[in-house]
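# Structural features, examined
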Amino acid sequence: MTATEPRDRPEPQSPPRGESAPAPSGRRRLFADLTPLRTSADYRRLWFGSTVSWVGQGMTALAVSLQVYDITRSPFAVGLVGLFSLVPLVVFGLYGGAIADTVDRRKLGLYSACGSAALSIALATAAFAGFHRVWFLYGVVALQAVCAALNAPARSSMIPRLLPPEQLRAANALNSMVTTFGTLVGPSLGGLIVGLAGYQTAYLVDAVAFSASLYAMWRLPAMLPDRTGSKRASVLDGLRFLATRPNLRMTFFSDFCAMILAHPRALFPAVAVLWYGGDAKTTGLLVAAPAFGALLGGVLSGWQGRIRHHGQAILIAVACWGTAVAVFGLTRNLWLGLLLLALAGYSDTVSMIFRNTMMQVAAPDEMRGRLQGVFIVVVAGGPRLGDFLAGSTADLTSPAVAVTGGGIACVVAVGALAVYARGFRRYDALDPTP
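Only a predicted model underlies this, so the values are computations on that prediction, with no experimental measurement involved.

Parameters at a glance
Residues numbered from 1 in each chain as written. Predicted model: local features only at pLDDT ≥ 70, side-chain atom pairs only at ≥ 80, totals over all residues. Heavy atoms only, no water. Helix = DSSP H or I, 4+ residues; strand = E, 2+ residues; numbered from the N terminus. Expected span 1.5 Å × (residues − 1). Bend = angle between axes of the 7 residues up to and from the residue. Salt bridge = Lys/Arg side-chain N within 4 Å of Asp/Glu carboxyl O. Buried < 20%, exposed > 50% of the residue type's maximum accessible area, 1.4 Å probe, protein only. Contact = heavy atoms within 4.5 Å. Core = buried A, V, L, I, M, F, W, Y, C linked by side-chain atoms within 4.5 Å. Axes fitted to C-alpha atoms, helices over the stretch in contact; angles between N-to-C directions. Parallel < 35°, antiparallel > 145°, perpendicular 65-115°, else oblique. Phe/Tyr/Trp six-rings, centres within 6.5 Å; stacked < 30°, edge-to-face > 60°. Disulfide = S-S within 2.5 Å.

### Some thoughts on helix H6 (residues 168-197)
- The terminal C-alpha atoms of H6, which comprises 30 residues, lie 41 Å apart, in line with the 44 Å expected from a rise of 1.5 Å per residue.
- The largest bend in H6 is about 25°, located at Val185, with the proline Pro187 one to four residues further on.
- A positive phi of about 95° marks Gly198, the residue just after H6.

### Focus on the pattern of salt bridges
- Applying the stated criterion to the full structure yields 11 salt bridges.
- The residue Asp70 makes a salt bridge to Arg73 at a minimum N-O spacing of 3.4 Å.
- Two residues, Arg370 and Asp101, come together in a salt bridge whose shortest N-O distance is 2.8 Å. One end of the pair, Arg370, is in helix H14 (residues 365-396); the other, Asp101, is in the loop between helix H3 (75-100) and helix H4 (105-128), with 269 residues separating them in the sequence. By the burial criterion, Arg370 is buried, and Asp101 matches it.
- Among the charged side chains, a network of salt bridges with common partners joins Asp101, Arg105, Arg161, Asp365, Arg368 and Arg370.

### Concerning the side chain of Ser176
- One can find Ser176 in helix H6.
- With residues up to four places along the chain from it excluded, the contact list for Ser176 reads Gly298, Thr349, Met352 and Ile353.

### Concerning the nonpolar core
- Leu248, Leu286, Trp321 and Phe328 are the most contacted members of the largest nonpolar core, which has 55 residues in total.
- With 11 residues, helix H13 (residues 334-362) is the largest single contributor of residues to this core.
- Those residues in contact with Phe328 that lie beyond four places of it in its chain are Phe268, Val271, Trp275, Tyr276, Leu286, Gly337, Leu340, Leu341 and Val403.
- If you look at the next biggest cluster of nonpolar residues, it comprises 24 residues, including Val64, Val134, Val194 and Tyr203.

### What to know about unusual backbone geometry
- Here Arg73, not a glycine, exhibits a phi torsion of approximately 60°, which is positive.
- Within the secondary structure, Arg73 sits in the loop between helix H2 (41-72) and H3.

### Comments concerning the packing of helix H8 (residues 235-243) against helix H9 (residues 246-261)
- Axis separation between H8 and H9 bottoms out at 7 Å; the angle between their running directions is 95°. It follows that H8 is roughly perpendicular to H9 by the angle criterion. Contacts between H8 and H9 involve Phe241, Leu242 and Ala243 from the first element and Leu248, Arg249 and Phe252 from the second.

### Things to note about the packing of aromatic side chains
- Within this structure, the stated rule accounts for 7 aromatic pairs.
- Judged by centre distance (4.5 Å) and plane angle (10°), the ring pair of Phe84 and Tyr138 falls under stacked. With a gap of 54 residues between them, Phe84 in helix H3 and Tyr138 in helix H5 (residues 134-162) connect regions that are remote in the sequence.
- When its relative accessible area of 34% is taken as the criterion, Phe84 is described as partly exposed.

### Some words on the state of the cysteines
- Per the counting criterion, the structure on display carries 0 disulfides.
- Unpaired in terms of disulfides, Cys114 finds its nearest cysteine sulfur in Cys147, a separation of 9.6 Å.
- By relative accessible area, Cys114 is classed as partly exposed at 36%.
- For Cys257, which is in no disulfide, the shortest distance to another cysteine sulfur is to Cys410 and amounts to 5.8 Å.
- Judged by its relative accessible area of 8%, Cys257 is buried.

### A look at the packing of H6 against helix H7 (residues 199-218)
- One can describe the packing of H6 onto H7 by two numbers: an axis separation of 7 Å at closest approach and a directional angle of 135°. Between H6 and H7, the crossing angle belongs to the class labelled oblique. Contacts between H6 and H7 involve Ile193, Val194 and Ala197 from the first element and Tyr199, Gln200, Thr201, Ala202 and Val205 from the second.

So, in structure tokens, the structure goes:
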């Protein structure tokens, strides 16, 4: 059998409902559980490929922003890069999930990854040829977002087919490390490569980095969704399903509490100057602190394997996020502020791990792609709404009121959700109910 042929393999068997997986050993109670990497070669290749690809994408994102500024000398033009990426990601996120619930997810992931690699090659080719046009860069960024919106639901909905349910929480913790590592390392490496060898080299490295992801997708078995009929999956059907599943719906509501009400990122430049008397370097530290905490959230995730009530864990984690942000708004000590932001990032990762696990375990296979599409829209759009709310509140009052008030509002809102959604608090991973 060649590597090009999909291989038939039995899906992992889960333990009977009501039975838990073996308790983790003492060494794994603190650090991330590596069982998914040891037991599944397919998942191991996918994880490694994703790690390399995320670093490459981080490099390209920074290189494009630097190139746009080099061409225009306009911060506004650089800001438009984010807009051209955000809009396609939100618009196509839902449809990408519907497509992932209709076609072979392996092929969708493979083709969309090929598209991303081709776009990186296009960027490199244009840079080598001296074709420096802002409209071209905007267009490529938008198409990259479309590929990402198609790839993410396919990739996420594959994982429950590669691993048994008791390993999904550990897999989501490992996946969180991939995205955070890429976010931290990719831009730094991209800036270094652009400075030493130019934009074209950074784009070319990103294109080569996609080979790891392409190889991982190539080796996967066929991943047709479990659908009872031939009818194409509908976005509206997915939203109707979510509307009738209170526990899954609450995972999104709880995330909104954090990302919209208590998201101080847009205020970091002002905070760096007004509170700490700093400059751009101080702003960089404020931006990096939550990401560092998020990375620790994945590395130090072994203890989460003992948690059965995932809904309760999500509510506590979001409340911790809001509390950390609120106290951050009261402190004027830089190192204490960085520690609080790192704690917020850690809490956010804990919430994300349990939210993803609930979506993968409690939702039927035929709906996983569409739920992941909704997740993309929430993750992409929520923080932008949070930036707008924080910036508007700061202009009307002050950064301190915006940050501390937002944190308090987050805690109050998640407390109200906890009172309202008692079933969510009682959600049991051993008896998952959507």
